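Structural characterization, general
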Amino acid sequence: MSGIDLHKKEERQKLHYKMLGDLQNMARVLPGKYQQRLPYDLLSSLASSMLDGTVFDIVKSLEEVQHLEEKALYTQRLRLINEHKAQRHEMQKKHKELLLQNQNKPHNLPLVQAQVEREMKTLEKRCEDELRRRDVKIMQELDKKVMDQQGLLEKAGVPGFFVTNVRHEIQLQMYLLDFICRLAITHSSKAC
């Protein structure tokens, strides 16, 4: 082994120990149930996987894609809310005209008022149902995105990542992602 290779190996080992130490310090402040799920071997493997910076790049690109998708989903939801506002406004306008037309017809007024009330309740129920369905669809899309990200990180060989929908496993993976992002700031120019 040449002097240059030996120097590179020593520098790589120093970086590994520094990252491992940083990971251990980060893990120490987690709630106990998560600390015990982050043994030395896992943290050491995670530190090794980050040495060449590829993991930082992957996490950064996943985060960018997620932000774009979240923004698109938020925009879709906002668009639906604005459509509902416009529908309410149109219906209120229609009802106002209907009530004005029947203002001088006292025998019709109670029927018209009941109709107006029924139509508004029907519209409100439909809007609520549409928004609830949209929110469920958004949650399903976000859950799918999480699983896609888990699969990609697992295929990339990032320790601690695998496809799951178990809440505490996802939380542990979120802590690991946070660790990776924090290390990206201190050990590379690629902040998440």
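Keep in mind it's a predicted model, so treat the numbers as computed, not measured.

This part takes up the nonpolar core. Counting residues in each nonpolar core, the largest one holds 30 residues, and the members touching the most others are Leu23, Leu38, Met50, Phe179 and Ile180. Elements that contribute at least two residues to this core include exactly helix H1 (3-28), helix H3 (40-49), helix H4 (54-101) and helix H6 (167-187). With 8 residues, the single largest contributor to this core is H6. With residues up to four places along the chain from it excluded, the contact list for Met50 reads Met19, Leu23, Val55, Phe56, Ile180 and Leu183.

With that out of the way, let us pick up the packing of H4 against helix H5 (residues 109-155). Close contact between H4 and H5 brings their axes to 11 Å; oriented N to C, the two are set at 175°. With respect to H5, the axis of H4 lies roughly antiparallel. Residue composition of the contact of H4 with H5, by class: 21 nonpolar, 9 polar and 13 charged.

Attention now moves to the environment of Gly151. In this structure, Gly151 sits in helix H5. We classify Gly151 as buried; its relative accessible area is 13%. In sequence terms Gly151 and Phe162 are 11 residues apart; their C-alpha atoms lie 6.0 Å from each other.

Conventions and cut-offs
- Residues numbered from 1 in each chain as written.
- Predicted model: local features only at pLDDT ≥ 70, side-chain atom pairs only at ≥ 80, totals over all residues.
- Heavy atoms only, no water.
- Core = buried A, V, L, I, M, F, W, Y, C linked by side-chain atoms within 4.5 Å.
- Buried < 20%, exposed > 50% of the residue type's maximum accessible area, 1.4 Å probe, protein only.
- Helix = DSSP H or I, 4+ residues; strand = E, 2+ residues; numbered from the N terminus.
- Contact = heavy atoms within 4.5 Å.
- Axes fitted to C-alpha atoms, helices over the stretch in contact; angles between N-to-C directions.
- Parallel < 35°, antiparallel > 145°, perpendicular 65-115°, else oblique.
- Nonpolar A, V, L, I, M, F, W, Y, C, P; charged D, E, K, R; others polar.

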